[in-house]
Amino acid sequence: MQVQELSAEGLKREFSVTISAKDIDEKVENRLEEVGKTVRMPGFRPGKVPLSLLKKRYGQAVMGEVLEQAVNDGSRQALDERGLRPAMQPKIEVTKFEEGADLEFKMEIELLPDFKPMDFASLELERVSVEVPDSEVMEAVENLARNYRDTKPLEKDRPAKKGDVLVIDFDGSVDGEKLPGMAGQDHSLELGSNRFVEGFEDQLIGAEKGDEKTVTVTFPKEYMNDQLAGREAVFEVKVKDIQEAVPQPIDDELAKKFGEESLETLKGRVREQIAGEYAGVTRSRLKRELLDKLAEAHDFPVPGGMLESEFEVIWGQVEQDREKGQLDPEDADKDEETLKAEYRDIAERRVRLGLLLSEVGRINAIEVTQDELNRALLQEVQRHPGQEREVFEFFQKNPEAMNNLRAPVFEEKVIDFITELAKVEDRKVTPEELRKELTEENEASEEKKPAKKKAAPKKAAAKKEAAPKKAEAPKKAAAEKKPAAKKTAAKKTAAKKSGEA
């Protein structure tokens, strides 16, 4: 095999590769001999078919297979011999081939940049932790008691009021069209729970048993179902029964509803949940600070193909948001050229951070174990109650999906590795202090809009972070199915994290 470098510009390389006709013929004959060991032809025993007959019958198919393998092997050998690490799949163009002649092809590649990660021991970071106050634990338990209190029939008929539980049938439509998930029967709805889309429950206050009401609501623009997002819907509702809530005592019996032995063990579980939520917020804050400092300390070229691929993903999301009327307000008055320049900066930062974290992991032999990957898969499966089997099978059959699970686990391990080497100052704060600091940070980032965009981490918009809401405490194991009319939570962010390549 002969390899000639045609051009070298930045991270781009172009090679011409020639594989001799003799090598091609040998590969074809070897492959035909393998085929001849198992093929059956009339008049010949397996393994005794003449090569000439095999070539006549299978020659073209084997030639195609051999050429494809020869190009792959030749490309890999050319890179390995020169110690080159491609950033993406090489572009291959066969420039010459005739039967009995040499195979010639061109190979265009972009290389991973050579760079040296900074000395992480020079990094200075701050890690805050939150001590959960007893008052917050008790407030969460009180919410538990309020949310899971029993109900009883009204002793005397009266109009429904906030806090009552209505048993209703409902049937909804959008512009006269009935869509899936907009109907339900014998559904229990607590007025004031905000489980349905905003305005739905308010229009049932004052209803009486047996009433039939027409409820008109508008779904939020960010609603998870695109068929309903931002649209007005009309629901025909029949009030079949009205029940009033019975106060739930905060005692050991309440704890037993959640599988706990006593009120004290329930409080302990609640405290752990709240502490976990705060820990998630403070870790995100530490990670954001770390990524910002890593981005400031490293400035190496990134492969153009990776940059364009990342930018296309970002810009595609921007265009989708624009079509839905959900474009970031700060972007609304900017021309397309300015927007593209800003988001290209984001894409470049994302790619550079991804390459940096990947290189740190490679140099330090950081790997994701099978147990860690299995735990990530289990967590993903648990996020889809009722569809566990389908989700599990999807990941088992899709290697790319499994890689998407591996990437954030790998990133977190690299982040932990770097944090261990850095100088980290620990500081304890109260929940109120944390909320105040996060609010101040968000306000400061609003005043530096261009900088905020450039600082956006990979696979996540430059979103504001808030301290966690007070925990709702442990939920029942079985997730309750809710109709399409419910009010959605904020849109889920992309699963991929800021350090993926």
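Because the structure is predicted, anything quoted here is derived from the model rather than measured. (Residues numbered from 1 in each chain as written. Predicted model: local features only at pLDDT ≥ 70, side-chain atom pairs only at ≥ 80, totals over all residues. Heavy atoms only, no water.)

A. Focus on a negative patch on the surface. A contiguous patch of negative charge, built from D25, E26, E29, E33 and E99, is present on the exposed surface. Along the chain, E99 falls in the loop between strand 3 (91-96) and strand 4 (103-110). Assessed through its relative accessible area of 73%, E99 is described here as exposed. (Patch = residues over 30% accessible without salt bridge, like charges linked within 9 Å, V, L, I, M, F, W, Y side chains within 5 Å. Areas by Shrake-Rupley, 256 points an atom, 1.4 Å probe, with all protein chains shown as cover. Salt bridge = Lys/Arg side-chain N within 4 Å of Asp/Glu carboxyl O. Lys, Arg positive; Asp, Glu negative; His and termini not counted. Charge placed at Lys NZ, Arg CZ, Asp CG, Glu CD. Helix = DSSP H or I, 4+ residues; strand = E, 2+ residues; numbered from the N terminus. Buried < 20%, exposed > 50% of the residue type's maximum accessible area, 1.4 Å probe, protein only.)

B. Structural context of the sheet that holds strand 1 (residues 2-9). On the basis of which strands lie adjacent, the open sheet formed by four strands has the order 1-2-4-3 and antiparallel pairing. Sheet topology places strand 1 and strand 3 at the edges, where each strand pairs with a single neighbour. For this sheet, the mean angle separating the axes of adjacent strands, direction not counted, is 20°. Inspection of the sheet shows strand 3 paired to strand 4 by five bridges, in the antiparallel sense. Paired with V94 across the strands is F105, a residue of strand 4. (Pairing = 2+ DSSP bridges. Axes fitted to C-alpha atoms, helices over the stretch in contact; angles between N-to-C directions.)

C. Broad picture of the environment of P46. Relative to the helices and strands, P46 is located in the loop between helix 1 (21-36) and helix 2 (51-82). When the C-alpha atoms of P46 and G36 are compared, they prove to be 6.8 Å apart, with ten residues separating the residues in sequence. Here P46 is in contact with G36, K37, V39 and R40, once residues within four sequence places are set aside. (Contact = heavy atoms within 4.5 Å.)

D. The arrangement of the pairing of strand 4 in detail. As defined by bridge partners, strand 2 (residues 12-19) adjoins strand 4 across eight bridges and the pair is classed as antiparallel. Looking at strand 4, one finds that V17 is bridged to F105. Linkage of strand 3 to strand 4, two consecutive antiparallel strands, is achieved through a turn of six residues, within which G100 is found at a positive phi near 90°.

E. Region of interest: the packing of aromatic side chains. Per the stated rule, a full pass over the model turns up nine aromatic pairs. Taken together, a centroid distance of 6.3 Å and an interplanar angle of 65° make the contact between W315 and Y343 edge-to-face. One end of the pair, W315, is in helix 6 (residues 304-323); the other, Y343, is in helix 7 (residues 336-363), and 28 residues separate them in sequence. For W315, a relative accessible area of 6% puts it in the buried group. Members of the aromatic cluster, each reached through a chain of ring pairs, are F170, F196, F200 and F235. Directly above the ring of F311 sits R344, whose terminal nitrogen or CZ lies 4.1 Å from the centroid. Against the face of F300 rests R352, its NZ or CZ located 5.6 Å from the ring centre. (Phe/Tyr/Trp six-rings, centres within 6.5 Å; stacked < 30°, edge-to-face > 60°. Lys NZ or Arg CZ within 6 Å of the ring centre and 35° of its normal.)

F. Main features of the confidence of the model for the protein chain. Averaged over every residue, the pLDDT of the protein chain is 85; residues scoring 70 or more account for 89%. Note that pLDDT drops below 50 for residues 450-501; the model gives that stretch 138 contacts with residues more than four away or on any other chain. (pLDDT = per-residue confidence, 0-100.)

G. Expanded view of the packing of helix 3 (residues 134-147) against helix 5 (residues 263-297). Closest axis-to-axis distance for the helix 3/helix 5 pair is 9 Å, and the angle between their directions is 110°. Viewed along their axes, helix 3 and helix 5 adopt a mutual orientation that is roughly perpendicular. Every pair of crossing elements has a handedness; the one defined by helix 3 and helix 5 is right-handed. Judged by residue contacts, D134, E136, V137, M138, A140, V141 and L144 of helix 3 engage L263, L266, K267, V270, R271, I274 and Y278 from helix 5. For the contact of helix 3 with helix 5, the class distribution of residues is ten nonpolar, no polar and four charged. (Parallel < 35°, antiparallel > 145°, perpendicular 65-115°, else oblique. Left-handed = near helix turned anticlockwise from the far one by under 90°. Nonpolar A, V, L, I, M, F, W, Y, C, P; charged D, E, K, R; others polar.)

H. A look at the nonpolar core. F120, L123, L290, L294, Y343, L357 and I418 are the most contacted members of the largest nonpolar core, which totals 33 residues. For this core, the secondary structure elements donating two or more residues are helix 5, helix 6, helix 7 and helix 10 (399-421). Ranked by the residues each element gives to this core, the list is headed by helix 7, at ten residues. (Core = buried A, V, L, I, M, F, W, Y, C linked by side-chain atoms within 4.5 Å.)

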